[in-house]
There are 2 protein chains.
Amino acid sequence: MITTTDPRTGASAAIDIQESTAADVAAATAGAAGAAKFLATAGREFRAGLLERICTEIESARAQLVDAGLAETGLTEVRLNGELSRSIFQFGLFAQAIREGSYLEASIDHAGETPLGPQPDVRRMLIPIGPVAVFGASNFPFAFSVLGGDVASALAAGCPVVVKAHPSHPLVSRLSFEALQRAALALDAPEGTIGIVYGTEPGRLLVRDPAIRAVGFTGSLGAAKALTAEIAQRPDPIPFFGELSSINPLIVTAAAAEARTAEIATGIFGSYTGSAGQLCTKPGIVFVPATPAGDELTDEIVRQTQAAGAGVLLNSRIRSSFSDIQQRLEDAGGRLLARGVDDDGDGFSVAPVMLETTAEETSAELAEECFGPMLVVARYGDLDQVTAAISRIPASLTATVHAEQSEDETVGRLFTELEPYAGRLVYNGYPTGVRVSWGQHHGGPWPATNTQHTSVGVTAIRRWLRPLAWQGAPEAVLPPELRDDYGQIPRRIDGMLVLPS
Amino acid sequence: MITTTDPRTGASAAIDIQESTAADVAAATAGAAGAAKFLATAGREFRAGLLERICTEIESARAQLVDAGLAETGLTEVRLNGELSRSIFQFGLFAQAIREGSYLEASIDHAGETPLGPQPDVRRMLIPIGPVAVFGASNFPFAFSVLGGDVASALAAGCPVVVKAHPSHPLVSRLSFEALQRAALALDAPEGTIGIVYGTEPGRLLVRDPAIRAVGFTGSLGAAKALTAEIAQRPDPIPFFGELSSINPLIVTAAAAEARTAEIATGIFGSYTGSAGQLCTKPGIVFVPATPAGDELTDEIVRQTQAAGAGVLLNSRIRSSFSDIQQRLEDAGGRLLARGVDDDGDGFSVAPVMLETTAEETSAELAEECFGPMLVVARYGDLDQVTAAISRIPASLTATVHAEQSEDETVGRLFTELEPYAGRLVYNGYPTGVRVSWGQHHGGPWPATNTQHTSVGVTAIRRWLRPLAWQGAPEAVLPPELRDDYGQIPRRIDGMLVLPS
């Protein structure tokens, strides 16, 4: 029995969605397998049109989607509306990207004499990997869920998708799925283009299903390990693209603390408490100088924290983890510095919590990710203490430096030191807020992700593609993009990159 | 104690190379870690120069390298000389590729208004992943070993390399390593730029070493599983790029069998017996029509096989596997059709063996890869039997079709059916012989490889790179390639691909 829960009240209600059976999973993956050839060969223009139709269908369903989100997630209407616009933007951006065509990495090496003798004609292009399973996240019911970037990029690549619905928002998931399905049907794409399953066991079956050729996942390290263990049992292990865990260190130089004390304090407060701290890019640990300005900056975050009301967490598990993690951080030596104003409702709300340590005391235990409004402030004497601390804690999606204009040399050195530990280096900004664009990278070394790929931005499409080479093939059997006279996309011809004429 | 063995005689001799100790491994990886920052920041032109210097050093050592290869591998002088030229060509091609710069995927999204509001400046580029461990193959003592494509592509990417020497050619490995080292020293690159370890246990230590950030592997499925199990034990699992196993089906249409009977028979014979069948792209199973021309074609391969002398295998393990696999193929229903002329020496030589089955009887067991001159001929009634058979056997690096010009429609259909089971589709050619070029793909679905990447051709470099994004960073701290005024490489600027001016 599937239930929906209002995190503001903790009240659950049964809904008319059933946990998927093994037969449901098999039907979804069989449908996806059936749709794969259609999607792969329907052509880029068809798929761009499908993505644009999805934008229209999402926009038409905006009111229902946001209402369902309000009931299931505890997020605000402004945030949900913004997130839905972001989803729509993502589908549209991938439509642009597949029309542009660079993502195919089309390459033609004509037959001919080489320093190694005569060589055959070889042409290479990326092709869809096949049906993809997507496990969405709880914290972005739209942008990292059924309407999220994994689904958008997989469909753009030409891969049918079966989504495993997140149990924190089943109604949103179903409404989202229906919007996708309407778009597919409107364009006469096969029904199996998009599928959905509900429940933990169905998720396990999904990643073991022979038809599934790759998995996209945003969630916890524990869930990822369970799924990758399943995949390892397959006779044919498949790629698993996981976005897993991130502490997102933020460093304030002494000069920046001095020059922008209140501004940075307010920025940090907003970044760690926004969306109740439930962002994979939330700064979990900030390094503040042990100077008078650093004291003042810390005090200002304390004041804002103490004045803050409780934020609603997405589900009871995240709520109970919050207290557990606070306990572990205190056990690891974190000193409680401030706590906001708890509310006394029955929901999953929690007041922000701020702890203190020093850079020298900073350990992996003190850098445990908390999916909620919790912040560790680590005070430091010099920046070498900070970079040493960062080398002791797990790698992240992001690392941030606040510095003054005169400190470019320091920033350069810090960025170089931070490089091995992050996928995005942020300067005088905040890591929360991930621009969806061509050049974005939302990834990073383990445990941020387990791959060298991104889950946000246009290059996220590479995860759902594999190269195929054709040797000596007649023009007629080549995909259009690899025929000599096709001039509509950037291609590499005999080693030279050639733009469309 | 390390020994070298002459496969022609089976005679082993002790040599002055010791199995690496744990301390040796630690020294090699520490050296690599120390060299990583230098290589990453020395710039593309420096690395291109290093690769070109490597070409020179290999050429200077050609006579010694080929002599050592003759003594250790049983391969012919012509083959070894050709392979060494291929190694040199590969280093040179990667020098070109890093000068050209597309591989960086440099992308700049300027700050500005977007449909989602104002967005920060975000720039993305691929950076070296860090020190790489390379496990070379036995069958290409140059082109897939210490002087191979994995080493060339990793150095090109800016990653120091520690090679685990293959036990079948320790002297070649050491001479190769010394050539690389001379090049590094000549250009004042750190000594840790290139390292080498000898022995199985050192290989295990290597992939668990915290300094190693990725692994390149060419070898057996069994060895790959052992290494990936080690990697799974790391606190930070790292990417493993394995080229593992391939049966390389080849299909002859009825029309082709009719039109080019003797030519195709001779081609198949050469392709399955060349280099004593020890090529990952060797056709292990060929589908021949059950027609009079198909009979004749089969008979011709039989005649050539029966007349053929024994080929020398690389080591005793490959030699004993050969007999074991023949036995398993016969147990699985393969009927012995022909055997060449055995020699009676003490070495690891073996005469070619040819078995017969039908497409309908073809099973995964009958498609076991044999690293040696063994061929299964599967006779078929119609092409649907063939594609059904291919769906029952493991995927491969390649799949080949021989057809007539009038059969483009048939070829198109076959290629579409073969696509999910191969990384390269060959038309009227033979899969052995892998062109080193920009558009090559040497990879494929499991068990051909475990990834969506290639180990031959320019795009092999992608395995040793990871994306990094910079947000709002001052020009001075950006890598040169991401500064606004850098115009020397192709870049994507605000979504638009721009070529160098």
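Whatever comes next refers back to the structure up there.
A brief structural summary. These numbers come from a predicted model, not from an experiment.

1. Overview of the overall build of chain A
Within chain A one finds 14 helices and 23 strands. What you see for chain A is a C-alpha radius of gyration of 24 Å, in line with the 23 Å of a compact globule of 501 residues. With respect to the three principal axes, the spread of C-alpha positions in chain A is 75 × 60 × 40 Å. Buried residues in chain A amount to 62% of all 501 residues. Taking the contacts inside chain A whose residues are at least 6 apart along the sequence as the reference set, 75% of them involve residues at least 24 apart. With an accessible surface of roughly 16,900 Å², chain A has 53% of that area assigned to carbon and sulfur atoms. Distance between charge centroids for chain A: 5 Å, based on 38 positive and 58 negative side chains.

2. A short note on the sheet that holds strand 17 (residues 353-358) of chain A
As summarised here, the arrangement of the 12 strands in space is 15(A)-17(A)-18(A)-13(A)-12(A)-19(A)-20(A)-21(B)-6(B)-3(B)-22(B)-23(B), forming an open sheet in which the pairing is mixed. Looking along the sheet, the strands with just one partner apiece sit at the ends: strand 15 (335-339) of chain A together with strand 23 (496-498) of chain B. Geometrically, the sheet is characterised by an average inter-axis angle of 20 degrees between neighbouring strands, direction not taken into account. The pairing of strand 3 (residues 107-109) of chain B with strand 22 (residues 491-493) of chain B spans two bridges and is parallel. Of the residues in strand 22 of chain B, the one forming a bridge with Ile108 of chain B is Ile493 of chain B.

3. As for the packing of helix 7 (residues 200-208) of chain A against helix 8 (residues 221-232) of chain A
Residues and elements named next belong to chain A. At a minimum axis separation of 8 Å, helix 7 and helix 8 run at an interaxial angle of 40 degrees. Classed by the angle they form, the pair helix 7 and helix 8 counts as oblique. For the pair helix 7 and helix 8, the crossing hand works out as right-handed. In this structure, helix 7 uses Gly203, Arg204, Val207 and Arg208 to contact helix 8, whose residues at the interface are Leu227, Glu230 and Ile231.

4. Let's talk about the interface of chain B and chain A
At the interface, 73 residues of chain B touch 73 residues of chain A. Surface buried jointly by chain B and chain A totals about 5,900 Å² across both partners, of which 59% is contributed by carbon and sulfur atoms. Here chain B and chain A share four salt bridges between them. Measuring nitrogen to oxygen at the nearest pair gives 3.2 Å for the salt bridge that ties Glu100 of chain A to Arg492 of chain B. Inspection of the chain B/chain A interface yields 42 residue pairs in polar contact (both at pLDDT 80 or more). Elements with a contribution of two residues or more to the side of chain B that touches chain A: helix 4 (77-100), strand 3, strand 6 (122-128), helix 14 (408-418), strand 20 (424-427) and strand 21 (465-471) of chain B. Take the side of chain B that touches chain A: its biggest share by element is seven residues, from strand 21 of chain B. Residues belonging to the side of chain B that touches chain A are distributed by class as follows: 36 nonpolar, 19 polar and 18 charged. As judged from the three bridges shared by strand 20 (residues 422-427) of chain A and strand 21 of chain B, these two strands associate in the parallel manner. Bridge pairing in strand 21 of chain B places Leu425 of chain A opposite Trp470 of chain B.

5. Some remarks on unusual backbone geometry
For the bond running from Trp446 of chain A to Pro447 of chain A, omega is 5 degrees, close enough to zero to count as cis. With respect to the element layout, Pro447 of chain A can be found in the loop between strand 20 and strand 21 (465-471). With phi around 50 degrees, Asn248 of chain B is a residue other than glycine that occupies positive phi space. The residue Asn248 of chain B is located in the loop between strand 11 (240-243) and strand 12 (250-252) in this model.

6. Focus: the nonpolar core
Phe91 and Trp470 of chain A together with Phe287 and Phe415 of chain B are the most contacted members of the largest nonpolar core, which totals 107 residues. Top contributing element to this core by residue count: helix 4 (residues 77-100) of chain A, with seven residues. Excluding residues that lie within four positions of it along the chain, Phe415 of chain B makes contacts with Trp470, Ala473 and Val477 of chain A together with Val401, Leu425, Val426 and Tyr427 of chain B. Among the nonpolar cores identified, the runner-up in size contains 106 residues, and Leu313 of chain A together with Val134, Phe177 and Ile196 of chain B belong to it.

7. Looking at the packing of helix 2 (residues 44-60) of chain B against helix 5 (residues 149-157) of chain B
Between two packed helices, the angle of one axis relative to the other and the distance separating the axes together describe the packing. Residue and element names in this part refer to chain B. Interaxial distance between helix 2 and helix 5 falls to 9 Å at its minimum, and their mutual angle equals 150 degrees. In terms of orientation, helix 2 lies roughly antiparallel with respect to helix 5. As for the relative orientation of helix 2 and helix 5, their crossing is right-handed in sense. Here Arg47, Leu51 and Ile54 of helix 2 come into contact with helix 5, specifically with Ala152, Leu155, Ala156 and Ala157.

8. Some points on helix 2 (residues 44-60) of chain A
Residues and elements named next belong to chain A. For helix 2, which comprises 17 residues, the first-to-last C-alpha distance of 24 Å matches the rise-based estimate of 24 Å (1.5 Å per residue) to within 8%. Those residues of helix 2 that fall on the buried side of the exposure criterion are Arg44, Arg47, Ala48, Leu50, Leu51, Ile54, Cys55, Glu57 and Ile58. The elements touched by buried residues of helix 2 are helix 1 (22-41), helix 3 (62-73), helix 4, helix 5 (149-157) and helix 6 (170-186).

9. Regarding the sheet that holds strand 10 (residues 214-218) of chain B
Residues and elements named next belong to chain B. An order of 9-8-7-10-11 is seen for the five strands of this open sheet, with the pairing classed as parallel. The two strands at the open ends of the sheet, each matched to only one other strand, are strand 9 (194-198) and strand 11. Pairs of neighbouring strands in the sheet enclose a mean axial angle of 15 degrees, with direction left out of account.

10. Focus on the relation of the copies chain B and chain A
Here chain B sits on chain A after a turn of 180 degrees about the axis and a move of 0.0 Å along it, with an RMSD of 0.0 Å. Classification of the inter-copy transformation places it as that of a two-fold axis. Considering only C-alpha atoms, the residue of chain B closest to the rotation axis is Leu499 of chain B, which sits at 4.1 Å. A high fraction, 100%, of the interface residues of chain B reappear at the interface in chain A, so the copies pair face to face through one surface.

11. Remarks on the pairing of strand 6 (residues 122-128) of chain A
Residue and element names in this part refer to chain A. In terms of residue burial, strand 6 counts as a mostly covered element, since six of its seven residues are buried. Sheet topology note: the strand 6/strand 21 ladder contains seven bridges and is antiparallel. If you follow Ile127 over to strand 21, its bridge partner there is Arg466.

12. Things to note about the environment of Ala35 of chain B
Mapped onto the elements of the fold, Ala35 of chain B is located in helix 1 (residues 22-41). In this structure the C-alpha to C-alpha distance between Ala35 of chain B and Gly345 of chain B, which are 310 residues apart in sequence, comes to 48 Å.

13. Some remarks on the pairing of strand 9 of chain B
Residues and elements named next belong to chain B. The buried count for strand 9 comes to five of five residues, which makes it a mostly enclosed element. Burial along strand 9 is two-sided: Ile194, Ile196 and Tyr198 and Gly195 and Val197, pointing in opposite directions, are all buried. Judged from the five bridges that link them, strand 8 (residues 161-165) and strand 9 form a sheet pairing that is parallel. In the sheet register, Val162 faces strand 9, and the bridge partner there is Gly195. Following the chain from strand 8 across helix 6 (residues 170-186) to the adjacent parallel strand 9, one finds a crossover that is right-handed.

Reading the values: the criteria
- Residues numbered from 1 in each chain as written.
- Chains lettered and ligands numbered in written order.
- Predicted model: local features only at pLDDT ≥ 70, side-chain atom pairs only at ≥ 80, totals over all residues.
- Heavy atoms only, no water.
- Helix = DSSP H or I, 4+ residues; strand = E, 2+ residues; numbered from the N terminus.
- Rg over C-alpha atoms; globule rule 2.2 N^0.38 Å.
- Buried < 20%, exposed > 50% of the residue type's maximum accessible area, 1.4 Å probe, protein only.
- Contact = heavy atoms within 4.5 Å.
- Areas by Shrake-Rupley, 256 points an atom, 1.4 Å probe, with all protein chains shown as cover.
- Lys, Arg positive; Asp, Glu negative; His and termini not counted.
- Charge placed at Lys NZ, Arg CZ, Asp CG, Glu CD.
- Pairing = 2+ DSSP bridges.
- Axes fitted to C-alpha atoms, helices over the stretch in contact; angles between N-to-C directions.
- Parallel < 35°, antiparallel > 145°, perpendicular 65-115°, else oblique.
- Left-handed = near helix turned anticlockwise from the far one by under 90°.
- Buried area = accessible area lost by both parts, 1.4 Å probe.
- Salt bridge = Lys/Arg side-chain N within 4 Å of Asp/Glu carboxyl O.
- Polar contact = N/O pair within 3.5 Å; in protein donor to acceptor, adjacent residues only side chain to side chain.
- Nonpolar A, V, L, I, M, F, W, Y, C, P; charged D, E, K, R; others polar.
- Core = buried A, V, L, I, M, F, W, Y, C linked by side-chain atoms within 4.5 Å.
- Expected span 1.5 Å × (residues − 1).
- Least-squares fit on C-alpha atoms with pLDDT ≥ 70 in both.
- Right-handed = clockwise from strand over helix to strand, strands pointing away.

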